[in-house]
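# Reading the structure
Chain residues, written in single-letter form:
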Amino acid sequence: FTGREVSLEAVLASACLPSLRHAVKIGRQHYWDGGFSANPALLPLIEAGAADDTLIVRLAPLRAPDLPTKAAEIRGHMNRMIFTQPFRKEVEMLEQGRRLAKPLFTWSGSLSGRLKRHRFHMVDADRYTDKLGQNSAMSPDWDMLVYLHGGGRKAMSAWLGRHRRQIGRRATVDLSALVL
């Protein structure tokens, strides 16, 4: 969804976990995702060329802290893999595009030019989400939302304290190091 298509329904559809809620109907189409296939769509943001910086707010760890051995831990690890795989694939594609972009043929208005100069930043919520149970995303409640809201504000404030001056100047995260 872009521009005027972005609505409350579009946001709900994007965040809709199919195992918890019915699909969201917009016009004649039904939508659901919840991170299964299209989250986050980084390339369209770069392609649109509206900004040279992208801030990613990472809610799920990219790697399991420990080797899962119990059924619930393995299930949690599988869910994490499912939710982070689209992000990993998109970063791999972006990094490959950056490597293949030839400096001589890269002008600022081209996609390869925007891709080469694009800066990524990442706010990490591990400090707050690591404390949550394996299935916390499947049973959201008001106390959880309040906790996450407060944690998000603290994490963003700390991130801005460290990186505010780099925005618009240089990337503050090496995405390829995180996922490759």
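Above: the structure in question.
Reading guide: rules and limits
Sequence order as written defines residue numbering, which begins from 1 separately in each chain. Since the coordinates come from a predicted model, pLDDT governs what is reported: local features require at least 70, and pairs of side-chain atoms require 80 or more to be given and counted, while whole-chain, interface and lining totals use all residues. The side-chain figures draw on all heavy atoms in the structure; neither hydrogens nor water molecules are used. In DSSP terms, a helix is any run of H or I states spanning at least four residues, a strand is any run of E spanning at least two, and both are numbered starting from the N terminus. Summary of the burial criterion: residues with accessible area below 20% of their type's maximum are buried, those above 50% are exposed, and those between are partly exposed, where the area comes from a 1.4 Å probe applied to protein chains only. The contact criterion used is simple: two residues touch if any of their non-hydrogen atoms lie within 4.5 Å. Per-residue and other accessible areas follow the Shrake-Rupley method at a 1.4 Å probe size, with only the shown protein chains counted as cover for residues. One side-chain nitrogen of Lys or Arg within 4 Å of one carboxyl oxygen of Asp or Glu is enough to make a salt bridge.

## Observations regarding the overall build of the protein chain
Scanning the protein chain for helices and strands turns up seven helices and four strands. Sequence-ordered secondary structure for the protein chain, helices as α and strands as β, is α-β-β-α-β-α-α-β-α-α-α. Taken across its 180 residues, the protein chain has 31% of its residues classed as buried. Once local pairs closer than 6 in sequence are excluded, the contacts in the protein chain between residues at least 24 apart make up 63%. Total accessible area on the protein chain stands at roughly 12,200 Å², and carbon and sulfur atoms take up 58% of it.

## Remarks on the pattern of salt bridges
The final tally for this structure, using the stated rule, is six salt bridges. Two residues, Arg-58 and Asp-126, come together in a salt bridge whose shortest N-O distance is 3.4 Å. With Arg-58 in strand E3 (residues 53-58) and Asp-126 in helix H5 (residues 126-129), this pair connects stretches of sequence that are 68 residues apart. A relative accessible area of 19% means that Asp-126 is categorised as buried. Here Lys-89 makes a salt bridge to Glu-92, at a shortest N to O gap of 3.7 Å. Remark: Glu-92 and Lys-89 occur in helix H3 (residues 71-100); sequence separation between them is three residues, near one turn of the helix.

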